Amino acid sequence: MSDVFDRLKKKGARPTVPTRDTSLVKKENTEIVNDQMTEFSHSKNTEEQDSANSEGLKDNPTVSPQEQQSDLPQTVRRTIRLEQDIDTELDVFCTAKKVTRDTFIEAAFIVCSQNEELMQDILEEAKKRYQQRKQAGEQRKFQTMAKKINT
């Protein structure tokens, strides 16, 4: 048995594999090959996008993907609480109009900020709802306290 181990040790180290280039953009081959066929190159939409992209590259050839990404708006993830009926109606509405809840709320805020009268109406409704939720929260708190006292 020790002969086997000795032979393996004498055989030498295992061959090594050269390290792989893991960068997103290859530095060696920066040419764009336009005549290469891909599985997506046959669709009409892709051809239109390719021509639009090539026109965009002609206009601004020095824009890197990092710079393009920095131009995108930064988003923040938050949770919101809505009344159950309003939540359902908002989901149905947004699905029918093919927008997300987030983008709808953003757009509604932008439009409201440009119309002062509309903004005042919304703020009045929001203040009423705030008071209602505050009262409902206090009632739930007192109910919980009463349950703890009775047990």
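Whatever comes next refers back to the structure up there.
What you are looking at is a predicted structure, and each value in this text was computed from that prediction instead of being measured.

1. Points about the overall build of the chain
Turning to step 1, where the next piece is worked out: Scanning the chain from terminus to terminus reveals six helices and zero strands.
Turning to step 2, where the next piece is worked out: Sequence-ordered secondary structure for the chain, helices as α and strands as β, is α-α-α-α-α-α.
Turning to step 3, where the next piece is worked out: The burial tally for the chain puts 4% of its 151 residues in the buried class.
Turning to step 4, where the next piece is worked out: Taken as a whole, the chain presents about 15,600 Å² of accessible surface, with 53% of it coming from carbon and sulfur.

2. Focus: the packing of aromatic side chains
Two aromatic rings are characterised by how far apart their centres lie and by the angle between their planes.
Turning to step 1, where the next piece is worked out: Inspection of the entire model under this criterion finds one aromatic pair.
Turning to step 2, where the next piece is worked out: Taken together, a centroid distance of 5.2 Å and an interplanar angle of 65° make the contact between phenylalanine 93 and phenylalanine 104 edge-to-face. Here phenylalanine 104 lies in helix 5 (residues 101–114) and phenylalanine 93 lies in helix 4 (residues 84–97), a separation of eleven residues in the sequence.
Turning to step 3, where the next piece is worked out: Phenylalanine 104 gets classed as partly exposed once you look at its relative accessible area, which sits at 31%.

3. What about a nonpolar patch on the surface?
Turning to step 1, where the next piece is worked out: A contiguous nonpolar patch, built from Ile80, Leu82, Ile86, Phe93, Val99, Phe104 and Ile105 and spanning about 530 Å² of accessible area, is present on the exposed surface.
Turning to step 2, where the next piece is worked out: Breaking the nonpolar patch down by element, the ones donating at least two residues are helix 4 and helix 5.
Turning to step 3, where the next piece is worked out: Among the structural elements, isoleucine 80 can be located in the loop between helix 3 (65–70) and helix 4.
Turning to step 4, where the next piece is worked out: A relative accessible area of 52% means that isoleucine 80 is categorised as exposed.

4. Remarks on the layout of surface pockets
Turning to step 1, where the next piece is worked out: Put simply, the largest pocket is a space of about 1,200 Å³.
Turning to step 2, where the next piece is worked out: Around the largest pocket, the lining comprises 29 residues; the ones closest to its centre are Ile80, Arg81, Leu82, Leu90 and Ile105.
Turning to step 3, where the next piece is worked out: Contributions of two or more residues to the lining of the largest pocket are made by helix 4, helix 5 and helix 6 (116–150).

5. Some details on unusual backbone geometry
Note: most peptide bonds trans; most residues except glycine with negative phi.
Turning to step 1, where the next piece is worked out: Within the chain, lysine 98 stands out as a residue other than glycine whose phi angle is a positive 60°.
Turning to step 2, where the next piece is worked out: Classification of lysine 98 as exposed rests on a relative accessible area of 76%.

6. Brief notes about helix 4
Turning to step 1, where the next piece is worked out: The terminal C-alpha atoms of helix 4 lie 20 Å apart, and with 14 residues this matches the ideal 20 Å at 1.5 Å per residue to within 8%.
Turning to step 2, where the next piece is worked out: Two residues or fewer past helix 4, lysine 98 is found with a positive phi of approximately 60°.

7. Let's talk about the pattern of salt bridges
Turning to step 1, where the next piece is worked out: The final tally for this structure, using the stated rule, is four salt bridges.
Turning to step 2, where the next piece is worked out: Among the ionic pairs, arginine 101 bridges to aspartate 91, the shortest N-O distance being 3.4 Å. Here the residue arginine 101 occupies a position in helix 5, and aspartate 91 occupies one in helix 4, the gap between them amounting to ten residues.
Turning to step 3, where the next piece is worked out: Taking relative accessible area as the criterion, arginine 101 reaches 25% and is therefore assigned partly exposed.
Turning to step 4, where the next piece is worked out: One salt bridge in this structure joins glutamate 125 and arginine 129, with 3.2 Å as the shortest N-O distance. Taken as a pair, glutamate 125 and arginine 129 lie in helix 6 at a separation of four residues, close to a single helical turn.
Turning to step 5, where the next piece is worked out: For arginine 129, a relative accessible area of 28% puts it in the partly exposed group.
Turning to step 6, where the next piece is worked out: Among the charged side chains, a network of salt bridges with common partners joins Glu83, Glu125 and Arg129.

8. Some details on the packing of helix 5 against helix 6
Turning to step 1, where the next piece is worked out: The N-to-C vectors of helix 5 and helix 6 enclose an angle of 120°; their axes lie 5 Å apart at closest approach. If you check the angle between helix 5 and helix 6, you find them oblique. Of the residues in helix 6, those touching helix 5 at Phe109, Cys112, Ser113 and Gln114 are Glu116, Leu118, Met119 and Ile122.
Turning to step 2, where the next piece is worked out: When its residues are assigned to classes, the contact of helix 5 with helix 6 shows five nonpolar, two polar and one charged.

What counts, and where the lines are drawn
Residues numbered from 1 in each chain as written. Predicted model: local features only at pLDDT ≥ 70, side-chain atom pairs only at ≥ 80, totals over all residues. Heavy atoms only, no water. Helix = DSSP H or I, 4+ residues; strand = E, 2+ residues; numbered from the N terminus. Buried < 20%, exposed > 50% of the residue type's maximum accessible area, 1.4 Å probe, protein only. Areas by Shrake-Rupley, 256 points an atom, 1.4 Å probe, with all protein chains shown as cover. Phe/Tyr/Trp six-rings, centres within 6.5 Å; stacked < 30°, edge-to-face > 60°. Patch = residues over 30% accessible without salt bridge, like charges linked within 9 Å, V, L, I, M, F, W, Y side chains within 5 Å. Salt bridge = Lys/Arg side-chain N within 4 Å of Asp/Glu carboxyl O. 1 Å grid on protein atoms, 1.4 Å probe; cavity = no way out; pocket = protein on both sides within 12 Å on 5 of 7 lines; lining within 4 Å. Points joined across faces, edges and corners; volume = space filled by probe spheres on them. Expected span 1.5 Å × (residues − 1). Axes fitted to C-alpha atoms, helices over the stretch in contact; angles between N-to-C directions. Parallel < 35°, antiparallel > 145°, perpendicular 65-115°, else oblique. Contact = heavy atoms within 4.5 Å. Nonpolar A, V, L, I, M, F, W, Y, C, P; charged D, E, K, R; others polar.

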